[in-house]
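# Structural features, examined
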Amino acid sequence: MQINTRKLGSQGLEVSALGLGCMGMSEFYSGRDEAEAVATIHRALELGVTFLDTADMYGPFTNEILVGKAIAGRRDQVVLATKFANVRGEKGEFLGIRGDAEYVRQACDASLKRLGVDHIDLYYQHRVDPNTPIEETVGAMAELVKAGKIRYLGLSEAAPETIRRAHAVHPISALQTEYSLWSREPEEEILPTVRELGIGYVAYSPLGRGFLTGQIRRIEDLAEDDYRRNAPRFQGENFQKNLDLVAEIEKMAREKGCTPAQLALAWLLTQGEDIVPIPGTTKRARLEENLGAMDVRITAEDRARINSILPPGAAAGTRYAAPQMQALNR
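Bear in mind the structure is a predicted one, so any value in this text is a computation, not a measurement.

Check the secondary structure of the protein and you find eleven helices and twelve strands. At 19 Å, the protein has a C-alpha radius of gyration in line with the 20 Å of a compact globule built from 330 residues. Summarising its shape, the C-alpha atoms of the protein cover approximately 55 × 40 × 40 Å along the three principal directions. Considering the protein as a whole, with its 330 residues, one finds that 59% of them fall into the buried category. In the protein, the proportion of contacts linking residues at least 24 apart, taken out of those at least 6 apart, comes to 75%. Taking the average location of the 40 positive side-chain charges in the protein and that of its 46 negative ones, the two points are 2 Å from each other.

In structure tokens:
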């Protein structure tokens with residue numbers, strides 16, 4: 001398996017074509033095992049994955065510590081991405097979104113300390129603060145670049161107008177937003193906007209929060225504390241409708257001699273050289289399965305078939321529950 005690199009933006013940021021999302025190693029999913037998580041990160045680096053994604057809110061705070069521990073002594077192998085803006089308390093409570101300059105500086109210093117590094121390669125605003133002009137937020141982030149604390153700037157779940165305003169203040173290297181076979185909304189406005197501006201695209205939840213792997217058959221397959229139980233696409237009639245769609249993807253994957261996850265990731269990789277998916281996993285075996293997507297060839301006929309199975313808008317239910325949907329900058 002050959003892991004190629006891709007450029008994010010036009011400022012010089014280069015990462016492995018598939019990254020590793022580390023969120024689930026610390027929160028939101030069940031069955032967490034820190035030793036296996038660290039081993040998974042080490043295995044990713046061994047195999048040529050350079051791009052690690054975390055955020056201060058994951059844990060909260062503990063995921064950055066875990067990632068920092070895993071990359072100690074390996075910093076030069078890693079393109080490290082983290083995020084700020086989702087404010088949480090020590091007990092995990094959600095306290096809103098902040099993008100004011102003072103908070104940007106505080107959050108960056110706290111992340112650097114937890115990660116045990118002297119700089120962050122890619123620093124994202126995790127969610128756009130509706131009460132702070134994006135110019136103030138990005139201006140503060142630009143000051144951190146001048147200070148040598150961060151190298152490149154990113155946004156997450158930002159609307160086209162916000163992206164344009166941010167990019168006018170300081171070049172944005174990457175936009176991170178959900179994108180997968182069952183979340184194709186970015187194709188309408190977001191992807192054309194970032195391509196016009198020369199911004200790279202980082203696709204999170206590229207496996208539909210695990211749904212596209214074919215491993216989830218019943219809601220009971222998810223542990224009681226699994227946050228997906230509250231996600232609209234995993235509930236009621238939506239669950240069965242989405243299961244029927246995945247069955248078609250599974251059938252196609254069998255015919256191609258790959259897993260559904262590999263098919264979903266391979267499709268995403270063919271959507272453009274400027275797209276970098278960051279599937280999350282907590283286990284080495286799943287990591288290696290995901291990386292096998294690099295060897296799956298997607299033909300024009302495959303693309304047409306996939307478009308017929310899962311055209312934009314095919315998935316039943318919204319991406320998040322109502323409160324989280326309201327936090328998206330749209």
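Now that the structure has been shown, we can carry on.
Counting buried residues in helix α2 (residues 62-71) gives seven out of ten residues, a clear majority hidden from the surface. Buried residues along α2 sit against α1 (34-47), β4 (51-53), β5 (79-84) and α3 (101-115). Positive backbone phi, approximately 80°, marks Gly73, located one or two places after α2.

This next bit is on empty space enclosed by the protein. For the structure on display, the rule yields one cavity of 30 Å³ or more. Each pocket or cavity is described by its volume, and for the largest cavity that value is around 50 Å³. What lines the largest cavity is simply Leu18, Gly19, Leu20, Val49, Pro279, Thr281, Leu287, Asn290 and Leu291. Looking at which element gives the most residues to the lining of the largest cavity, the answer is helix α9 (residues 284-291), with three residues.

Reading the values: the criteria
- Residues numbered from 1 in each chain as written.
- Predicted model: local features only at pLDDT ≥ 70, side-chain atom pairs only at ≥ 80, totals over all residues.
- Heavy atoms only, no water.
- Helix = DSSP H or I, 4+ residues; strand = E, 2+ residues; numbered from the N terminus.
- Rg over C-alpha atoms; globule rule 2.2 N^0.38 Å.
- Buried < 20%, exposed > 50% of the residue type's maximum accessible area, 1.4 Å probe, protein only.
- Contact = heavy atoms within 4.5 Å.
- Lys, Arg positive; Asp, Glu negative; His and termini not counted.
- Charge placed at Lys NZ, Arg CZ, Asp CG, Glu CD.
- 1 Å grid on protein atoms, 1.4 Å probe; cavity = no way out; pocket = protein on both sides within 12 Å on 5 of 7 lines; lining within 4 Å.
- Points joined across faces, edges and corners; volume = space filled by probe spheres on them.

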